[in-house]
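Take a look at the letters that make up each chain.
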Amino acid sequence: MIPGPVEVEPEVLQALSAPVPGHLDPTFVATFGRVLRRLREVCLAPGAQPFVVAGSGTLAMELAAANLVEPGDAVLVVNTGYFSDRMAHILERHGARVTHVRAPPGEAPDVARVEAELARGGFKLMSVTHVDTSTAVLAPMEPLLRAARQHGALSVVDGVCATAGEAFHQDAWGADVYFTASQKALGVPPGLALLTASPRALEVWRARKAPVASVYADWAEWLPVMDAYEAGRNAYFATPPTSLICALDVSLGLILAEGMAARFARHRRMALAFRAAWSALGLRMLPTSEAVAAHTLSAVYYPEGVDAGLVARVRGQGVTVAGGLHPELKARYFRVGHMNRVNASDVLTTVGAIERALVEAGHRHAAPGSAVAAAQAALGAA
Ligand code: PMP
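Keep in mind that what you see is a predicted model, and the values were worked out from it rather than measured.

Draft legend 1. Molecular detail of the site of the ligand. Close to the ligand lie 13 residues, the nearest being Ser56, Thr58, Thr133, Asp158 and Lys184. In this structure, Gly57 approaches the ligand through a main-chain N or O atom, which is 2.8 Å from an oxygen atom. Within the contact set of the ligand, a nitrogen atom lies 2.7 Å away from a side-chain nitrogen or oxygen of Lys184. Relative to its free-state accessible area of 390 Å², the ligand is covered by the protein chains to the extent of 87%. Elements supplying a minimum of two residues to the shell around the ligand: helix 3 (57-68) and helix 4 (82-93).

Draft legend 2. Geometry of the nonpolar core. In terms of nonpolar packing, the biggest core is built from 108 residues, with Val52, Val177, Phe179 and Trp219 touching the most fellow members. Residue contributions to this core peak at eight residues, all from helix 3. Inspection of this core shows a minimum of three residues originating in each of domain 1 (10-258) and domain 2 (260-381). In contact with Val52, other than residues within four places in its own chain, are Phe32, Val35, Leu36, Leu39, Leu192, Ala193, Leu194, Met226, Ile245 and Leu248. Among the nonpolar cores identified, the runner-up in size contains 31 residues, and Phe274, Ala293, Val311 and Val321 belong to it.

Draft legend 3. Structural context of the side chain of His326. By the secondary structure assignment, His326 is in the loop between strand 11 (322-323) and strand 12 (333-337). On the accessibility criterion, His326 (8% relative accessible area) is buried. Setting aside residues up to four positions removed in sequence, His326 forms contacts with Gly81, Tyr82, Pro105, Ser134, Thr135 and Tyr333.

Draft legend 4. Looking closely at the environment of Pro71. Relative to the assigned elements, Pro71 resides in the loop between helix 3 and strand 2 (74-79). By relative accessible area, Pro71 is classed as exposed at 60%. Residues Pro71 and Ala210, 139 residues apart in the sequence, show an inter-C-alpha distance of 7.8 Å. When near neighbours in sequence (up to four residues on either side) are disregarded, Pro71 contacts His94, Gly95 and Ala210.

Draft legend 5. Region of the structure containing the domain arrangement of the chain. With domains assigned, the chain is organised as domain 1 (10-258) and domain 2 (260-381). Inter-centroid distance (C-alpha atoms) of domain 1 to domain 2 is 28 Å. Residue-level contacts link 32 residues of domain 1 with 28 residues of domain 2. With both sides pooled, the region where domain 1 packs onto domain 2 buries about 2,300 Å², and carbon together with sulfur makes up 63% of that total. At the boundary of domain 1 and domain 2, one finds two salt bridges. The partner of Arg263 in a salt bridge is Glu258, and the shortest N-O contact between them spans 3.0 Å. For the pair domain 1 and domain 2, the number of links is eleven residue pairs in polar contact (both at pLDDT 80 or more). Among the secondary structure elements, those contributing two or more residues to the side of domain 1 that touches domain 2 are helix 2 (26-42), helix 4, strand 6 (137-138) and helix 10 (242-258). Residue contributions to the side of domain 1 that touches domain 2 peak at three residues, all from helix 10. Considering only residue class, the side of domain 1 that touches domain 2 consists of 20 nonpolar, seven polar and five charged.

Draft legend 6. Representation of the pairing of strand 2. Within strand 2, six of the six residues are buried, leaving the element largely enclosed by the surrounding structure. With burial as the criterion, each face of strand 2 is covered, one bearing Ala74, Leu76 and Val78 and the other bearing Val75, Val77 and Asn79. The sheet contact formed by strand 2 and strand 3 (residues 97-102) spans six bridges and is parallel. Each residue of the ladder has a partner; that of Val78, found in strand 3, is Val101. For the crossover from strand 2 across helix 4 to strand 3, the handedness is right-handed. Looking at chain direction, strand 2 and strand 4 (residues 123-129) are connected through five bridges and run parallel. In the sheet register, Val78 faces strand 4, and the bridge partner there is Val128.

Definitions and limits used
- Residues numbered from 1 in each chain as written.
- Predicted model: local features only at pLDDT ≥ 70, side-chain atom pairs only at ≥ 80, totals over all residues.
- Heavy atoms only, no water.
- Near = heavy atom within 4 Å.
- Polar contact = N/O pair within 3.5 Å; in protein donor to acceptor, adjacent residues only side chain to side chain.
- Areas by Shrake-Rupley, 256 points an atom, 1.4 Å probe, with all protein chains shown as cover.
- Helix = DSSP H or I, 4+ residues; strand = E, 2+ residues; numbered from the N terminus.
- Core = buried A, V, L, I, M, F, W, Y, C linked by side-chain atoms within 4.5 Å.
- Buried < 20%, exposed > 50% of the residue type's maximum accessible area, 1.4 Å probe, protein only.
- Domains from an automatic or database assignment.
- Contact = heavy atoms within 4.5 Å.
- Buried area = accessible area lost by both parts, 1.4 Å probe.
- Salt bridge = Lys/Arg side-chain N within 4 Å of Asp/Glu carboxyl O.
- Nonpolar A, V, L, I, M, F, W, Y, C, P; charged D, E, K, R; others polar.
- Pairing = 2+ DSSP bridges.
- Right-handed = clockwise from strand over helix to strand, strands pointing away.

Right, dumping it as structure tokens:
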């Protein structure tokens, strides 16, 4: 129950145990082509160009930054924590002049402040972290994306801790780039960087004057490969992680069989059950309001008198949760991931383990079982 890598479906594990396919094998070509089409459906981006490349989420960040930024470009970073800072660092490495609109940990910047900044003009690109995994803050995507469009800035969204768990309609909401990694709500082990780019983003990339400062990240290397696989032909630039792509195909198939609306709703239902439990335990979440609270993970402060040793105590009760990550606060809170195949039983098991660990740590809260009951009631109500 950590915010990635997450538990994956048995069918996905089974795909990984098959003989390793060759990247030029006709069966693999068909699989890769289907993966690209399915990724468009999962991102609700019928008009976008998908890229699937071996690497982690950080490479996905670099795939966006390296291709869209030229030295001297002004970029606005809507900063909600650790991963927004990382994106800024990568954008700067590619020559961007970054302006941050920050909020205190647990809050998202006010849309009006972002709009005011965009209105000053000259921003080529706005970057937003859909869910910042360090704070569990969910950014107000729709109004932010509308603002970027109104002011002529491309929008780049880090969906690593959100894609396929948190509601997102890339085309309808007008996001130019949505990127993610395989090990979270997409339900595959770590190792894949995924990105969908709008026609507008591709146009901006095609019009660049400076060469992309990375060969491996250059869309020019990958676009012919993605085009070929989608057209049922093989192609080579750098060896794709064939086994992982087959596993991704299985997971995307399961995701689409559940349906995007149902999947977003299930993630929300599980998150609300956790919130009911936190509240029954008297625990405070990092996100300061429901409006900015993610549905893919929870970040929760330790109560008075309980320290970071709680994570080991929860593990002792049979469930793995994660400690804090935000540099200023990391000793003061823990995180629970609730992505991919998480169901009501997982919620109740996790809440039960946390309750017992808190009792062991000497936390005096409502009667043991009250948090499980609260989660149960929320699951029943949802
Ligand atoms: N962005 C966000 C929001 C993340 O949560 C992470 C990883 N947890 C990353 C980017 C970087 O991904 P990776 O660790 O796979 O490089």
